[in-house]
Amino acid sequence: MIPRILILLAVALAAAAQPVPEQFFGHRMGADKSTLEWAKVVDYFKQLDAGSQRVQVVEFGKSTEGRPLIAAYISAPATLNRLEYFRQIQKRLADPRKLPSPDVSKLVAEGKTIVLITCSIHATEVASSHAAIEFAHRLATSSDPAIRHILDNTIVILAPSINPDGLDFITSWYRKTLGTAHEGTSPPELYQKYVGHDNNRDWYIFSQAETRAIVSQLHNRWHPQIVYDLHQMGPTAARIWVPPFMDPIEPNVDPLIIQQANLLGATMAADLTASGRQGVAVNAMYDFWTPARHYQSYHGGIRILTESASVRIATPVNIKADQLSTSSQGYSARERTWNHIEPWQGGPWRLRDIVDDQLVAMQSLLTVAADRRGAFLRNFHTMLARAASRTSPSAFVLPAVQTDPGAAKHLLETLAFGAVEIERATTEFTAQGKQYPAGSYVVRMSQPFSPFAKTLLEKQNYPDLRLYPGGPPKRPYDVTAHTLPLLLGVEVDQINSELAARTEPAKAFAFNSAASSSGSLPASDSTSWREVNAAWKSGRAVYRHPSTGAFSIARSQPGFQPLPKPRVGLYRSFVPSMDEGWTRWILEHFAWEYSSLPNARIRQGRLLDNYDVIVFPDQTPQMIHNGYRQGSMPAEFLGGLGPEGAAALKEFAESGGKLVFLNDSSDYAIEHLGIPARNILAGVPSRDFYCPGSLLNVQADAASPLMLGLPREFTVWMESSPAFEPAAGLRSIARYKPSGVLASGWLLGEKHIAGKSALIEVPIGRGRAILFGFRPQYRAQSYLTLKLLFNALVL
């Protein structure tokens, strides 16, 4: 037997060989005004890997801008030497249908708790990347029995940043402004190329490169029992928030997910308090509703979130006690309550304070993961077994013939990417009195990951929660609807009875079009637009039928007319707009050519020389007209369009140009361009009208080329949006239904918008303006209403 002294000596020598973060980076992690460069972070983890038998670093993908995405697998050397063996245990536990009962106990006894820790998805929230580096070094070098216990019982998958593009961008901006009046400000650009802060809202549509890499290479390969996602919040809130989450809990989330999240969060809170940390809040601010932020919780894993009070990027702040927030939901940062038992009293707050809290929280979580290893593995299997035994509903069916075959294919590809099994009917079958042709697709609910499919395919019924009886609504943390069939415009039927259909696993997805094409591309198929743009790009002519909207490429057909390629401009303010980023992504995804239009170019005038149509993304009138206020940003980023820009836009439209305004930017058109319409929701208090991200029913109000490819009745995405009352004689294209407005989500005060306009078209001289009271390209999900936006660009 090897003497214990030799083992300890070997550990000490190995630790000495590891790069110490402070020496490697030239500063302590979390030091005031310290920032990181991604290349150096990657190099540090590679050196940690080279010098430690406890660490294996892998590159699992590329970011949007091509940077490496890395994860460090950290565990006992004996475990890392058999990493694939333990992944196979996870894979077997994840499908109870194929696992005999005697094998469950054996696998539970042998397996490890898999814990995925993700950092700095929001790039201004820099602390967790610092904490990840220091914690990785601790796990790689410490001889503490508590650390050895974690290593022996868990496999930690540590991603030090899942937005490395943003990490470098924020570092560059912070260093550029360091020592100036603008030190610690957020930059005048999105910190993820397309979606900025919304990169943490992409966990069911999977549009971004980072999301797709993390889901496919970490989540779906390893099926972690716990996913810990570290974030930061405003500087005047509690010092750190940990679970339990607030109500509501999305109904497809297994109760064991929530109970175990409560257990982990309460232990983290206790350990933070025991370590002397103050200002720990639980059961406040953050709910557990949308799958946009909770992917693993529909796959048997526990999603743990913590939110730490921020500094100014890396610059300390000094918060007085009377500056602490009293308006957060569920608690006051100044008051002692059961869920905020030891308030922080104010004072200096540093980046290192955040790192210290996060280090305590990480070790606390991993200690519970190690202590309750067997329970976590068994509960993981139990939850997936419950999902696989679901009988009601029995399935969802997508008929083989669809109005938008491209959107239907995209829906199934999305579900399949989320590890949902999909079958294809080999013969005709009948379900609930309806006949389905061969080639229809079946998503059975008797499968382990059926909660993910079910929540995305059914309608949401968000509870009517108020701050007090009869009072204002209790604000959801994010949105309240995520019904993909309504967003995409796909026919999907829920089957509540037993489904008797001959099926086979679907290897690919293809649908027939409900529209008669006769050699043309149907207007109702969203993918037709990609082919149209590809034709324009290659110099081929495009023709369109004025009544059906169908396209013909390269050759005309009877009744078709030439469709010229539009010159598209997209307004881009210095004030970053996530909607602008999503619009860029959508335009590029569908192969549109466009130019970004900054304030200066619009103010120059003569816009019709270069553009046929200008699109304004969702942004407030104040941000468009005024931009950043004096002193808030360096001089080159100040200002908006101002009166000069408004005059140039009027001239553009009056001379024959087209202006398209999305959501809140429509109010800019009304206020600054004199559009004769009124936003009937302006000034209405939230206790009377509230729509925090829901799907609403509208109907076409007039025959219009904008409606080509859409049904007469459809759903739109409304999120604190305007609704219009146009002046007499002006054209309303679509109105909210007179009753039954809510399709999915939550809506208070239906009477305020029933029968009111959601989409209007207004002539301006020889041109026109189109005002959308919704986001037709919402988070790359609303394929149904994308056709309205694309029609607006060309017609």
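The model shown is predicted, which means the values in this text are computed figures rather than measured ones.

A. Region of interest: the overall build of the protein chain. A count of helical and extended segments in the protein chain gives 23 helices and 34 strands. Principal-axis analysis of the C-alpha atoms places the extent of the protein chain at approximately 90 × 70 × 60 Å. Taken over 795 residues, the protein chain has a buried fraction of 62%. A fraction of 78% describes how many contacts in the protein chain between residues 6 or more apart in sequence connect residues 24 or more apart. Carbon and sulfur atoms form 51% of the exposed surface of the protein chain, whose accessible area is close to 29000 Å². Distance between charge centroids for the protein chain: 2 Å, based on 78 positive and 71 negative side chains.

B. Structural detail: the sheet that holds strand 11 (residues 395-398). Here we have 5 strands laid out as an open sheet, ordered 17-11-16-13-18, and antiparallel in their pairing. Each end of this open sheet is capped by a strand with a single partner; those strands are strand 17 (493-495) and strand 18 (503-505). In this sheet, adjacent strand axes meet at a mean angle of 30° when their direction is disregarded.

C. View of the packing of helix 18 (residues 578-589) against helix 23 (residues 783-794). At a minimum axis separation of 12 Å, helix 18 and helix 23 run at an interaxial angle of 80°. Considered as vectors, helix 18 and helix 23 are oriented roughly perpendicular to each other. Across the interface between the two elements, I586, L587 and H589 of helix 18 pack against Y783, L786, F790 and L793 of helix 23. In the contact of helix 18 with helix 23, the residues fall into 6 nonpolar, 1 polar and no charged.

D. Spatial organisation of the sheet that holds strand 2 (residues 68-74). In space, the 8 strands of this open sheet follow the order 1-2-4-3-5-8-6-7, with mixed pairing throughout. With partners counted over all chains shown, the strands left at the sheet margins are strand 1 (55-62) and strand 7 (280-282), one partner each. For this sheet, the mean angle separating the axes of adjacent strands, direction not counted, is 20°. Where strand 1 meets strand 2, 7 bridges bridge the pair, whose relative direction is antiparallel. Pairing of Q56 across the sheet is with Y73, part of strand 2. Here helix 8 (residues 145-153) sits on the sheet and contacts strand 2, strand 3 (113-118) and strand 4 (154-159); the angle it forms with strand 4, its principal contact strand, is near 95°.

E. Spotlight on the pattern of salt bridges. Here the structure, examined in full by the defined rule, presents 43 salt bridges. Salt-bridge contacts for R352 lead to E134; the nearest nitrogen and oxygen are separated by 2.7 Å. With R352 in helix 12 (residues 351-371) and E134 in helix 7 (residues 127-141), this residue pair connects regions lying 218 residues apart in the sequence. Overall, R352 belongs to the buried group, its relative accessible area being 10%. Note that D353 is salt-bridged to R277, the shortest N-O span being 3.8 Å. Pair noted here: D353 is in helix 12 and R277 is in the loop between helix 11 (255-274) and strand 7, with a separation of 76 residues, a long-range link. Comparing D353 with R277, the two get one shared label, buried.

F. Looking closely at the side chain of R601. Along the chain, R601 falls in helix 19 (residues 599-604). Of the side chains with opposite charge, D609 comes closest to the buried, unpaired R601, at an N-O distance of 5.9 Å. Side-chain polar atoms of R601 contact the backbone oxygen of R606, separated by 3.4 Å. R601 has contacts with R606, L607, N610 and Y611, leaving out every residue within four places of it along the chain.

G. Main features of the packing of helix 11 against helix 12. The contact between helix 11 and helix 12 brings their axes to 9 Å, and the two run at 130°. Taken together, helix 11 and helix 12 sit at an angle that is classed as oblique. Helix 11 and helix 12 meet at a crossing whose hand is right-handed. Of helix 12, the residues touching helix 11 (which contributes L263, L264, T267, M268, D271 and L272) are D357, V360, A361, S364, L365 and V368. Broken down by class, the residue content of the contact of helix 11 with helix 12 amounts to 8 nonpolar, 2 polar and 2 charged.

H. Here's a closer look at the confidence of the model for the protein chain. The pLDDT averaged across the protein chain works out to 96; a share of 98% of its residues lies at or above 70. Scored below 50 in pLDDT, residues 6-13 shows 5 contacts in the model against residues more than four places distant or in partner chains.

I. Local environment of the environment of S552. With respect to the element layout, S552 can be found in strand 21 (residues 551-553). S552 sits 10 residues away from P562 along the chain, and the two C-alpha atoms are 9.3 Å apart. The residues touching S552, leaving out its near neighbours within four places in the chain, are A541, V542, Y543, Q557 and F560. Polar contacts involving the side chain of S552 include one to the main-chain carbonyl oxygen of R555, which spans 2.5 Å. Only 3.3 Å separates the side chain of S552 from the side chain of Q557, close enough to count as a polar contact.

J. Region of interest: the side chain of S744. Here S744 shows up in strand 32 (residues 742-744). Residue classification places S744 among the buried positions, given a relative accessible area of 0%. A polar contact of 2.8 Å, which involves the side chain of S744, links it to the backbone nitrogen of Q460. The residues touching S744, leaving out its near neighbours within four places in the chain, are K459, Q460, A481, T483, L486, S694 and L695.

K. Quick look at unusual backbone geometry. Between D247 and the following residue, P248, the backbone shows a cis peptide bond with an omega angle of 0°. Mapping P248 onto the fold places it in the loop between strand 6 (240-242) and helix 11. Backbone torsion omega between S392 and P393 reads -10°, so that peptide bond is classified as cis. By secondary structure assignment, the location of P393 is in the loop between helix 13 (373-388) and strand 11. Even without a glycine there, the phi angle at M285 is positive, about 70°. By the secondary structure assignment, M285 is in the loop between strand 7 and strand 8 (302-309). A positive phi angle is found at I313, which is not glycine, with a value near 65°. Take I313: it is sitting in the loop between strand 8 and strand 9 (317-319). With a relative accessible area of 5%, I313 lands in the buried category.

L. Layout of the packing of aromatic side chains. Applying the stated criterion across every chain, the model contains 36 aromatic pairs. An angle of 85° between the planes, with centres 5.4 Å apart, marks the rings of Y85 and F86 as edge-to-face. Owing to a relative accessible area of 5%, F86 belongs among the buried residues under this scheme. Seen in terms of ring centroids, F616 and Y668 are 6.1 Å apart; in terms of plane orientation they differ by 20°. Their pairing is stacked. Residue F616 is located in strand 25 (residues 613-616), and its partner Y668 is located in helix 22 (residues 665-672); the two are separated by 52 residues in the primary sequence. Across the pair, Y668 and F616 agree in class, each one buried. Within the aromatic cluster, the residues linked to one another by ring pairs are W529, W536, F551, F590, W592, Y783 and F790.

M. Region of the structure containing the nonpolar core. Counting residues in hydrophobic clusters, the biggest one holds 211 residues, and the most contacted among them are F45 and I753. Tallying contributions element by element places helix 12 first for this core, with 10 residues. Once residues within four sequence positions are removed from consideration, I753 is found in contact with I680, L681, F689, L696, M718, A723, Y736, V741 and L747. Listed in part, the 28 residues of the second largest apolar core include F616, A646, F724 and L771.

Cut-offs applied
Residues numbered from 1 in each chain as written. Predicted model: local features only at pLDDT ≥ 70, side-chain atom pairs only at ≥ 80, totals over all residues. Heavy atoms only, no water. Helix = DSSP H or I, 4+ residues; strand = E, 2+ residues; numbered from the N terminus. Buried < 20%, exposed > 50% of the residue type's maximum accessible area, 1.4 Å probe, protein only. Contact = heavy atoms within 4.5 Å. Areas by Shrake-Rupley, 256 points an atom, 1.4 Å probe, with all protein chains shown as cover. Lys, Arg positive; Asp, Glu negative; His and termini not counted. Charge placed at Lys NZ, Arg CZ, Asp CG, Glu CD. Pairing = 2+ DSSP bridges. Axes fitted to C-alpha atoms, helices over the stretch in contact; angles between N-to-C directions. Parallel < 35°, antiparallel > 145°, perpendicular 65-115°, else oblique. Nonpolar A, V, L, I, M, F, W, Y, C, P; charged D, E, K, R; others polar. Salt bridge = Lys/Arg side-chain N within 4 Å of Asp/Glu carboxyl O. Polar contact = N/O pair within 3.5 Å; in protein donor to acceptor, adjacent residues only side chain to side chain. Left-handed = near helix turned anticlockwise from the far one by under 90°. pLDDT = per-residue confidence, 0-100. Phe/Tyr/Trp six-rings, centres within 6.5 Å; stacked < 30°, edge-to-face > 60°. Core = buried A, V, L, I, M, F, W, Y, C linked by side-chain atoms within 4.5 Å.

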